[in-house]
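This is what each chain is made of:
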Amino acid sequence: MSIPIVLDKSTFQGLNYKDIIELHKYYIVNVTPLLVSEILGDLAKEEKEGKKPPKDQVTDLAKKMFPYNAYVNIEYKLLVEKSLTGEFITAHNRPFLSAQKSINTPTKKGMTFVETEEELSIKRWKRGEFDTMDEIIADVWRTESKDETVLKTFKEKFGHLKDIKIRDHKPSNEEKFLSLKERLKERLYIEIEPVDTLNLVMEYFDINPDLRNSIESRWKNESHPYLQSLAGYAIYCYEVVCLYYIGINNSLCGERLTNLLDLEYLFYAPFARVFSTNDKFLRNLFFAVEPNDTFFVTLPELKEDFKKFQALNKESEVFNEPPNKDSETYRIWDSVFNMELTRRLKPSATEIKRKEAELEEILNIAETGKEGNFEGEPDFVTKETFISPDDPCPCKSGIAFKDCHLAKAQNRTN
């Protein structure tokens, strides 16, 4: 068992290699495309005396991106579009991936996934290999993150929210944000006609003009009581950017150029059960936005948890749950899994053997099963992943793969 988590770059950088090993034991890491871009963006940094060259810095960060228990989420822009067209309904607090193929057999149906372009790039960066395209993308990223016209253009898109101001004195920024959020909802869903709000969403996210008429028709012809039921994820993302604008307009958010980029991390919060940032600006916005069923954990809390877990680690011992109950990670696990009930439902040795046999069957079907579409939830999902000998073993022992289960994996392949 594991719980999906989204980390922004501030948390990711703040965790050392040993911390990352512990992270992957108890969390499924939803790697956002933004995090991958920010890491590559460091390639274009200026070299400074006394510090590692930018290429070495990117390589070090890439080495902390383990291939197991981690998935690169689909780009949010595509999901916003699919939300508006009705192809994507809800995030279910788990990573959203693009399948290579669907398999439909008489006994099981499922989906298979292969490594994404981002994952293939991360593999190269771990080896210190960067191509010309990497350098171009990094340069563009650094240039855009310093473009002062971007923020000005952003603010010009929210003339309909300019008069939303704090009415009463509130003692904390969190309470101020919540008050402003109520005013935002009144404006978007009561004072403005729904179809006009829908067009504001499509305009902000630059939805293909060819799709806009069909999206409007969805609203007019389908029985949706409110916009959130039409396109919940797209509306959520629009509320995020609106709250940031209102925050700026009420001096609750700074106008640092990178804030507009960092804002995108919140677009991925619905694809996890836990969100973590060490950035005060993102923290305040997280509690204002309130993603459904998503916990917040700070970098210091994670580091303190992992320090406690490391103190209890023993060679070759793997814990099935966070080993220290006095930890934020355990409290989250208990909220999600009900640990007392989970322990009582622990499978028997016979059940474990049956599951192992079923796993072998699934792996065989994934390789040889007939492709075909199906409706409903899949019976299985498989992901093709390359693990280097120096990566930590997927068994969660914390030992390098080459010193743990590599030989067994090679024997199965043979």
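Cut-off values and rules
Residues numbered from 1 in each chain as written. Predicted model: local features only at pLDDT ≥ 70, side-chain atom pairs only at ≥ 80, totals over all residues. Heavy atoms only, no water. Phe/Tyr/Trp six-rings, centres within 6.5 Å; stacked < 30°, edge-to-face > 60°. Helix = DSSP H or I, 4+ residues; strand = E, 2+ residues; numbered from the N terminus. Buried < 20%, exposed > 50% of the residue type's maximum accessible area, 1.4 Å probe, protein only. Pairing = 2+ DSSP bridges. Axes fitted to C-alpha atoms, helices over the stretch in contact; angles between N-to-C directions. Contact = heavy atoms within 4.5 Å. Arc of directions from axis to C-beta. Core = buried A, V, L, I, M, F, W, Y, C linked by side-chain atoms within 4.5 Å. Salt bridge = Lys/Arg side-chain N within 4 Å of Asp/Glu carboxyl O.

S.K.: Go over the packing of aromatic side chains, please, and point to the residues and values.
M.R.: A complete count under the given rule lists 30 aromatic pairs for this structure. Ring centres 6.5 Å apart and planes at 75 degrees place the aromatic pair Tyr76 and Phe205 in the edge-to-face group. Within this pair, whereas Tyr76 is found in helix H5 (residues 76-85), its partner Phe205 is found in the loop between helix H10 (194-204) and helix H11 (209-221), the two being separated by 129 residues in sequence. For the pair Tyr76 and Phe205, a shared accessibility class is recorded, and that class is buried. Between Phe306 and Phe309 the ring centres are 6.3 Å apart and the planes differ by 55 degrees, which places this aromatic pair in the tilted class. Residue Phe306 and its partner Phe309 are located together in helix H15 (residues 299-312), separated by 3 residues, close to a single helical turn.

S.K.: Can you lay out the sheet that holds strand E4 (residues 101-104) for me, pointing to particular residues and giving the numbers?
M.R.: What the 3 strands build is an open sheet, ordered E4-E5-E8; its pairing is mixed. Strand pairing shows two members of the sheet lacking a second neighbour, E4 and strand E8 (380-383), which therefore form its edges. Averaged over neighbouring strand pairs, the angle between their axes works out to 20 degrees when direction is ignored. Two strands pair when backbone bridges link them, and E4 and strand E5 (residues 109-113) are joined in this way by 4 bridges, in the antiparallel orientation. For Asn104, the partnering residue across the bridge sits in E5 and is Lys109. Those strands touched by helix H18 (residues 349-368) are E4, E5 and E8, and its axis lies near 70 degrees from that of E8.

S.K.: Break down helix H16 (residues 328-337) for me, citing the residues and quoting the values.
M.R.: Those residues of H16 that sit buried are Thr329, Tyr330, Ile332 and Trp333. Angular distribution of buried residues about the axis of H16 spans 160 degrees; they occupy a single face of the element. At the C-terminal side of H16, Asn338 shows a positive phi close to 55 degrees.

S.K.: Describe the sheet that holds strand E7 (residues 295-296), naming the residues involved and giving the relevant values.
M.R.: With parallel pairing, 5 strands are arranged side by side in an open sheet as E3-E2-E1-E6-E7. Two strands close off the open sheet at either side, each with one partner strand: strand E3 (70-72) and E7. Sheet topology places strand E2 (residues 27-31) next to E3; 3 bridges connect them, and they run parallel. Of the residues in E3, the one forming a bridge with Val29 is Ala70.

S.K.: Could you give an account of the nonpolar core, with specific residues and numbers?
M.R.: In this structure, Tyr27, Leu84, Phe154, Phe205, Tyr233 and Tyr244 are the most contacted members of the largest nonpolar core, which totals 103 residues. By residue number, the principal contributor to this core is helix H12 (residues 227-249), which donates 17 residues. Those residues in contact with Phe154, other than ones at most four positions away along the chain, are Tyr204, Val241, Tyr244, Tyr245, Ile248 and Leu260. With 5 residues, the next largest nonpolar core counts Ile103, Ile362, Ile365 and Ala366 among its residues.

S.K.: I'd love a proper account of the pattern of salt bridges, names of residues and values included.
M.R.: Side-chain pairing between opposite charges can occur once the charged atoms of the two side chains come close. Enumeration over the complete set of coordinates arrives at 34 salt bridges. Of the charged contacts, one joins Lys52 and Asp60 as a salt bridge, the two residues approaching to 2.5 Å between their closest N and O atoms. Residue class for Lys52 comes out partly exposed when judged on its relative accessible area of 47%. Each of Lys108, Glu351, Arg354, Lys355 and Glu358 takes part in salt bridges that share partners, so that together they form one network.

S.K.: So what's going on with the environment of Asn292? Which residues, and what values?
M.R.: Mapping Asn292 onto the fold places it in the loop between helix H14 (280-289) and E7. The spacing of Asn292 and Glu239 is 53 residues in sequence and 13 Å in space, taken between C-alpha atoms.

S.K.: Which residues make up the pairing of E2, and what values do they have?
M.R.: Two faces, one strand: in a regular strand the side chains alternate between the faces of the sheet. Where burial is concerned, most of E2 is hidden: 5 out of the 5 residues are buried. The alternating pattern of E2 places Tyr27, Val29 and Val31 and Ile28 and Asn30 on opposite faces, both of which are buried. Summarising the sheet, strand E1 (residues 3-7) and E2 pair through 3 bridges and their orientation is parallel. Note on E2: the bridge partner recorded for Pro4 is Ile28.

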